[in-house]
Amino acid sequence: MFPKASSSTSQDKTPSARLARITRWAGPYASLLQMLLLGLLILSLSRVALAAWQWERVEATGISAVLFLQGARADLILLGYFLAVPLLLAPLFAHRFSARLWRTATVAWATFALVFIVFMELSSPQFIMQYDVRPNRLFIEYLAYPHEVFATLWNGFRTALLLGVGLTVVLAVLLYRLLQRASKGMNMWPSRKLLLLWPVLCIAVFMQVRSTTGHRPANPALFALTGDSMVNSLIINSAWSVFDAIGSMRKESVSSEIYGDMPRAKVLEQVRAAPWLAGARFDNPQLPTLHHQPAAIQRERPLNLVIVLEESLGATFVQSLGGLPVTPELEKLKHEGWWFEQLYATGTRSVRGIEAVVAGYAPTPARSVVKLSLAQQNFYTLAAGLGQQGYHTEFVYGGEAHFDNMRSFFTGNGFQKIVDIGEMRPSFVGSWGASDEDLFDKSLERLNSLHASRKPFFSLIFTSSNHEPFEFPDGKIALHEPTKQTVNNAVKYADHALGKFIREAKKQDYWKDTVFLIVADHDNRVYGNALVPIKKFHIPGLILGADIQPKRIATIASQVDLAPTLLSLLGVSSTHPMIGRDFVRDSSSPGRALIQFNNLFTWLEGSSATILRPGKAPLLGRYDAASGVLDPYAGKPSRAQVDRAMAHVMLPSLLYREQRYRLAP
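Right, let's walk through the structure included here. (Residues numbered from 1 in each chain as written. Predicted model: local features only at pLDDT ≥ 70, side-chain atom pairs only at ≥ 80, totals over all residues. Heavy atoms only, no water.)

1. What to know about the overall build of the chain
Note the following rule: Numbering goes from the N terminus for both helices and strands, where a helix is a DSSP run of H or I of at least four residues and a strand is a run of E of at least two. Here the globule rule is a power law, 2.2 Å times the number of residues to the power 0.38, and the radius of gyration is based on C-alpha atoms. Contact definition: two residues touch when any of their heavy atoms are within 4.5 Å. In this description, accessible areas are obtained by the Shrake-Rupley approach with a 1.4 Å probe, and a residue is regarded as covered only by the protein chains that are shown.
Along its length, the chain carries 21 helices and 18 strands. Here the C-alpha radius of gyration of the chain, 28 Å, is about what a compact globule of 665 residues would show, namely 26 Å. Projected onto its principal axes, the C-alpha positions of the chain cover 105 × 60 × 45 Å. Restricting to contacts in the chain with at least 6 residues of sequence separation, those with at least 24 account for 74%. For the chain, the accessible surface area stands at approximately 27,800 Å², while carbon and sulfur atoms represent 58% of it.

Next up, the structure:
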């Protein structure tokens, strides 16, 4: 008798027995209630761990208690979505005659939901280390390239990958067994009780998901309570962050409207009012930004153009721009051409840099147009414009050109030839393709071939060695730090390869007839406790070659200004839709930068930063370029400042949606 009683008591104390006892009153919804309770526990423990890890920044915001309270609210919203699916099916299947089917289905669904939540939370620390924010739309975008992503994870984060997968599998098995055992005592309700209570439960879950009685339901922007974007992301959970990203990607063609409304006529009026567009004529109402830009430099024969787009080369790595001394070759070269001292990237992804540098296209909260369906043909790029002027145009990349949809975008928009790793014989191949030295060797071969054809050419060269997991050949550089595979060493190697390339190009006949632009696509990591880390958008830019004389441009500039400037330096008069500034005509008057950081858009003029936020009033920040510090709450922006920012973030979405960012037929 006693052993039997002891066994029964022991079983009653198991986690599954306790869970069953707590949720027995929920009848056919017991497994769903168990999912809710376990989900809240898992997400809360994860948030506690993440907050402890980043405690210095959490404490600095002064919202540690609110973080957990509002975090629980965000968790209830996510779990409400998972509750809604089986709840809507309950009237059909949650009856006594189908009890076994219902029990099995709800346990399976609850297990799936909890395993997905666990997986996303386990993925969060590594993502935060890389992007200083919880998994978001970048997490989804990278899933489209499993080969590159897996190679990066395996070579750079193998331990984290194996631990994450292992823990997910173990927890999946444990959660399934826990829920399966806890569901054995599920009591099915009479059909009448089930149907009478069902509408009440639907309303309760609806309010749980809506999470407010206000005009609009809660969304992640509601939880942006501090000036630190990373801390704001800790308030919500990773699964909801990704779900919200998926939803926003479906609406990306009108994404700029998240900041509010502005009449089309006012958008165009504000954009055309820029000083550098003052003399332009916009004669085609179907293409509202199309205008003629006469070259500021007249040449007997147009020059060639080579753009070297450097992966993740922010000012962080350039000593004269306030960074580390890991780009000595670039520091030498800056004395030979036009050196931009305050050039800012438009975003944090390579494709964002591509659309700005190659197409002169301003950023939006949506994905880059390199990936969007309506921009895959008849979308303006320098290649499309120069191709009409008789140029040969090509793209050279050390990896696989299909990555980030580059091959499709480039071939559909003016690039006549694509050269990637398939046409190279590299001596070193990393996760992202051929080393920069191999890439530049192939580029030199291609440039000599193009020069021999006696036809002007435009070549876009995109590097990749400075990309996680930072793989590069041994024995090429004196390491900046002892551990080889670090970002600083990778940058130093990329700089070494760049220096070799330019030295060799100078020996070739085409050097005197070619303009070279060296520019970063973005910085390596965008992080910090600023609402918008403007400092991490600061990048180097250098134009040299041909007859370019040394010059320092201290004015604030944006990546969208580079293409119009290059056209003038080439001696190419062109009709195009770009709204950027030609620095050949004027490099002294005040400039501006356009910065998209997650769902925040910043219009930077001097020390003034107008910050647009979805669903909230704009902010006026003060930015100290010397220290890199932004005070986002310095005051209230004027109507004129808001209008300028609104017009410039609304315009690209408008032009994309209506397919009007193109050349005339």
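2. What to know about a positive patch on the surface
To keep things clear, this is the line we draw: Like charges within 9 Å and nonpolar side chains (Val, Leu, Ile, Met, Phe, Trp, Tyr) within 5 Å are joined into patches, using only residues over 30% in relative accessible area that form no salt bridge. A side-chain nitrogen of Lys or Arg and a carboxyl oxygen of Asp or Glu constitute a salt bridge if their distance falls within 4 Å. Just so you know, the count uses Lys and Arg for positive and Asp and Glu for negative, and it drops His and the chain ends. To locate a charge, take NZ of a lysine, CZ of an arginine, CG of an aspartate or CD of a glutamate.
A cluster of like positive charges, contributed by K13, R18, R21 and R24, occupies part of the molecular surface. Here K13 lies in the loop between α1 (2-12) and α2 (15-23).

3. Thoughts on the packing of helix α3 (residues 30-53) against helix α6 (residues 99-131)
How we decide: Note on geometry: axes are C-alpha line fits, over the in-contact stretch for helices, and angles between N-to-C directions span 0 to 180 degrees. An angle below 35 degrees is treated as roughly parallel, one above 145 as roughly antiparallel, one from 65 to 115 as roughly perpendicular, and anything else as oblique. Under this grouping Gly is polar, as are all residues other than the nonpolar Ala, Val, Leu, Ile, Met, Phe, Trp, Tyr, Cys and Pro and the charged Asp, Glu, Lys and Arg.
Running from N to C, α3 and α6 cross one another at 10°; their axes reach a closest spacing of 9 Å. On the basis of their axis angle, the class for α3 and α6 is roughly parallel. By residue class, the composition of the contact of α3 with α6 is 17 nonpolar, five polar and one charged.

4. Some remarks on the pattern of salt bridges
Under the convention used in this document: In this scheme, a residue with accessible area under 20% of its type's maximum is buried, one over 50% is exposed, and one in between is partly exposed, where area comes from a 1.4 Å probe on protein chains only.
One pass over the full model with this rule turns up 35 salt bridges. Between R57 and D228 there is a salt bridge, with the nearest N and O atoms lying 2.8 Å from each other. On the criterion of sequence distance, the pair formed by R57 in helix α4 (residues 55-61) and D228 in the loop between α10 (191-210) and α11 (229-235) is long-range, its members being 171 residues apart. Just as R57 is buried, D228 falls in that class too. For E504, the salt bridge goes to K507, with nearest N and O atoms at 3.5 Å. With relative accessibility at 31%, the residue E504 sits in the partly exposed group. Overlapping salt bridges, with partners in common, bring together R137, E141, R349, K371 and D404 in one network.

5. Remarks on the pairing of strand β2 (residues 304-310)
Going by this rule: Pairing between two strands is assigned when DSSP locates at least 2 bridges connecting them.
When you tally the buried positions in β2, you get seven out of seven residues, the bulk of the element. Of the two faces of β2, the one carrying N304, V306, V308 and E310 and the one carrying L305, I307 and L309 are both buried. In this structure, β2 lies alongside strand β9 (residues 514-520), joined through seven bridges in parallel fashion. Counted as the bridge partner of I307 is L517 from β9. Bridge count for β2 against strand β8 (residues 457-462) is five bridges, and the pairing is parallel. Note that in β8 the partner of V306 across the bridge is S459.

6. Let's talk about the environment of R57
When its relative accessible area of 17% is taken as the criterion, R57 is described as buried. Sequence-distant contacts of R57, that is, excluding residues within four places in its chain, are made with D132, D228, M230, V231, G528 and N529.

7. As for helix α18 (residues 436-452)
Note the following rule: Any helix carries an expected span of 1.5 Å times its number of residues minus one.
Under the 1.5 Å per step criterion, the end-to-end length of α18 is 24 Å for 17 residues, consistent within 8% with the ideal 24 Å. Listing the buried residues of α18 in full gives D436, E437, D438, L439, F440, K442, S443, L444, R446, L447 and L450. Those residues of α18 that are buried lie in contact with β2, β4 (392-397), β5 (417-419), β7 (433-434), β8 and α19 (487-506). Among the residues trailing α18, R454 stands out with phi positive, at a value near 60°.

8. Re unusual backbone geometry
Cis rather than trans, the peptide bond between E468 and P469 has omega equal to 15°. Note on placement: P469 falls in the loop between β8 and α19.

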